[in-house]
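Breakdown of the fold
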Amino acid sequence: MKLSSRAKNVSPSLTLAITAKAKKMKDSGIDVVSFGSGEPDFDTPDHIKLAAIKSIQQGFTKYTAESGTDELKKAICDKFQKDNDLIYSPSQIVVSCGAKHSLYNIIQAVCEKGDEVIIPSPYWLSYPEMVNLAEAKPVFIETDDSSGFRILASDLRKAITKNTKILIINSPSNPTGSIYAKEELMEIGNIAASKGILIISDEIYEKIIFDGNSHVSIATLGEDIFKNTIVVNGVSKSFAMTGWRIGYLASSNNELVTAIKNIQSHSTSNPTSISQMATLEALNNSDTAIVDNMRNEFEKRRDYIVGRINKIKGLSCLKPEGAFYVFCRIHKKGLSSMEVTDRLLDESKVAVVPGKVFGSDSHIRLSFATSMENIKKGIDRIEEWFNKNG
Ligand code: PLP
């Protein structure tokens, strides 16, 4: 059997491969410290779990409308209004099996061969693969530590061509933790809107923002930007619900929303009924202390990890403003992120993610979604390794 070129061209997830290798080592009794995780290390809050149990007991276990239940879409509209000052109607919402699925659906609905999608680099590793799967072309705008990993308006103008269909903005960012200021978003948004380019605003880390700052959605920054933006969010990161697989999108472009619903109706149908009930509970009845406690804990860990990394010879990082990752620059020339990752795991029993998978071979990503005890132990080992090899 011959596989499609589409299937052959998808890169396997290196993150999963590293996680699997680290797990295998752990299972065989080796004391591995992992900084690989892309999910909060907190448990899903009990009231959310109970809502799911209740939904099973009450027989809410059948298909729902493809785009999600009316109650959930209404709760998502309320969330957008309360948290983001954005007004949508339930018909403008599509609930999917994770924000990843929402993003995949959008790109499938909008892109085809010859289209270009602008992606600021370093990027979340699934964006380019989704673009490739739609036979479109990812166009990267390079950023680095010196620009705080944010694109400039002038970079965006240069990257736009007549084929540009989409610009992806991810603030707070995975892997860099950077956040765009309101003025920067406004400038970028106005350029995209003036050219009729769809902005995908991936806001999955909106609740994990430090230093007392709060999230600004690009969609709030003017009528034209609002019309040209599709907002993607979900409960994975804000309510520690990665395994429940619920994400959602909102757009005032009804033609686009209908196309996305149609695509979803022929792939997954609806997202899981039980998870929808759990999400309804998360959005409607969560004490703000739940998210605040999680964020405060992440902030303590961030401060510790950043302080330690910047004392290590041959490694440095910016202070992430959001999300739960530090993106560390490797200073030694010729020492690639892949080599550092492989050798840290083999020689020091520490799992990190190579920056190469996010578009920068001179960085490694460390997730601080792990206990302070693990962080201390793991950073000691990284320090020792760089003292010898950095
Ligand atoms: N967007 C970014 C930037 C992410 O880092 C992730 C998950 O790691 C997602 C989207 C997908 O989240 P979900 O679990 O809702 O599919």
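Use the structure listed above.
Residues numbered from 1 in each chain as written. Predicted model: local features only at pLDDT ≥ 70, side-chain atom pairs only at ≥ 80, totals over all residues. Heavy atoms only, no water.

**Description of the layout of surface pockets**
Here the largest pocket is characterised by a volume of approximately 1,100 Å³. Of all elements in the fold, only helix H2 (14–27), helix H5 (99–110) and helix H6 (126–133) reach the threshold of two or more residues within the lining of the largest pocket. Taken together, the residues of the lining of the largest pocket break down into 19 nonpolar, 13 polar and eight charged. In this structure, the second largest pocket spans a volume of roughly 580 Å³. In this structure, the second largest pocket is lined by 29 residues; those nearest its centre are Lys82, Asp83, Lys207, Thr288 and Val291. Elements that contribute at least two residues to the lining of the second largest pocket include exactly helix H4 (70–84), strand S7 (229–234), helix H11 (273–285) and helix H12 (288–309). If you tally residues by element for the lining of the second largest pocket, the top one is H12, at six residues. Here the residues of the lining of the second largest pocket are counted per class, giving seven nonpolar, 12 polar and 10 charged. (1 Å grid on protein atoms, 1.4 Å probe; cavity = no way out; pocket = protein on both sides within 12 Å on 5 of 7 lines; lining within 4 Å. Points joined across faces, edges and corners; volume = space filled by probe spheres on them. Helix = DSSP H or I, 4+ residues; strand = E, 2+ residues; numbered from the N terminus. Nonpolar A, V, L, I, M, F, W, Y, C, P; charged D, E, K, R; others polar.)

**Focus on unusual backbone geometry**
A cis amide bond links Ser171 to the next residue, Pro172, at an omega of -5°. Note that the residue after Asn174, namely Pro175, is joined by a cis bond; omega there is 25°. Backbone geometry places Ala323, a non-glycine residue, at a positive phi of 60°. Relative to the elements of secondary structure, Ala323 occurs in the loop between strand S9 (315–317) and strand S10 (325–330). The exposure class assigned to Ala323 is buried, which follows from its relative accessible area of 0%. (Buried < 20%, exposed > 50% of the residue type's maximum accessible area, 1.4 Å probe, protein only.)

**Side note on the site of the ligand**
Lining the immediate surroundings of the ligand are 13 residues, of which Ala99, Asp202, Ser236, Lys237 and Arg245 lie closest. In this structure, an oxygen atom belonging to the ligand sits 2.8 Å away from a side-chain N or O atom of Arg245. In isolation the ligand has 400 Å² of accessible area, and contact with the protein removes 92% of it. Among the cavities detected, the one that contains the ligand is the largest pocket. For the shell around the ligand, the per-class residue count stands at five nonpolar, four polar and four charged. (Near = heavy atom within 4 Å. Polar contact = N/O pair within 3.5 Å; in protein donor to acceptor, adjacent residues only side chain to side chain. Areas by Shrake-Rupley, 256 points an atom, 1.4 Å probe, with all protein chains shown as cover. Sits in = over half its atoms within 2 Å of the grid points.)

**Here we look at H12**
Look at H12: 31 Å from first C-alpha to last across 22 residues, which is about the 32 Å you get at 1.5 Å a residue. If you follow the buried residues of H12, they end up packed against S9, S10, strand S13 (363–367) and helix H14 (372–389). (Expected span 1.5 Å × (residues − 1). Contact = heavy atoms within 4.5 Å.)

**Digging into the pattern of salt bridges**
One pass over the full model with this rule turns up 26 salt bridges. A salt bridge links Asp78 to Lys74; the shortest N-O distance between them is 3.2 Å. With Asp78 and Lys74 both in helix H4, this residue pair falls four residues apart, about one helical turn. Glu135 is the partner of Lys113 in a salt bridge, and the nearest nitrogen-oxygen pair spans 4.0 Å. With Lys113 in the loop between H5 and strand S3 (116–121) and Glu135 in the loop between H6 and strand S4 (137–142), this residue pair connects regions lying 22 residues apart in the sequence. (Salt bridge = Lys/Arg side-chain N within 4 Å of Asp/Glu carboxyl O.)

**Thoughts on the sheet that holds strand S12 (residues 353–354)**
Within the open sheet, the four strands sit side by side as S9-S10-S13-S12. Their pairing is antiparallel. Two strands in the sheet have a free side with no partner beyond their single neighbour: S9 and S12. The pairing of S10 with S13 spans five bridges and is antiparallel. Pairing of Arg329 across the sheet is with His363, part of S13. (Pairing = 2+ DSSP bridges.)

**Considering empty space enclosed by the protein**
Enumeration according to the criterion identifies two cavities of 30 Å³ or more in this entry. By volume, the largest cavity is sized at about 130 Å³. If you go around the largest cavity, you meet 17 residues; those closest to its centre are Pro120, Pro122, Tyr123, Asn170 and Ser173. Across the lining of the largest cavity, the residue classes break down as 10 nonpolar, seven polar and no charged. Considered as a void within the structure, the second largest cavity measures approximately 40 Å³ in volume. Lining the second largest cavity are Ile169, Ser171, Leu185, Ser201, Asp202, Glu203, His215, Val216, Ser217 and Ile218. Here the lining of the second largest cavity is composed, by residue class, of four nonpolar, four polar and two charged.

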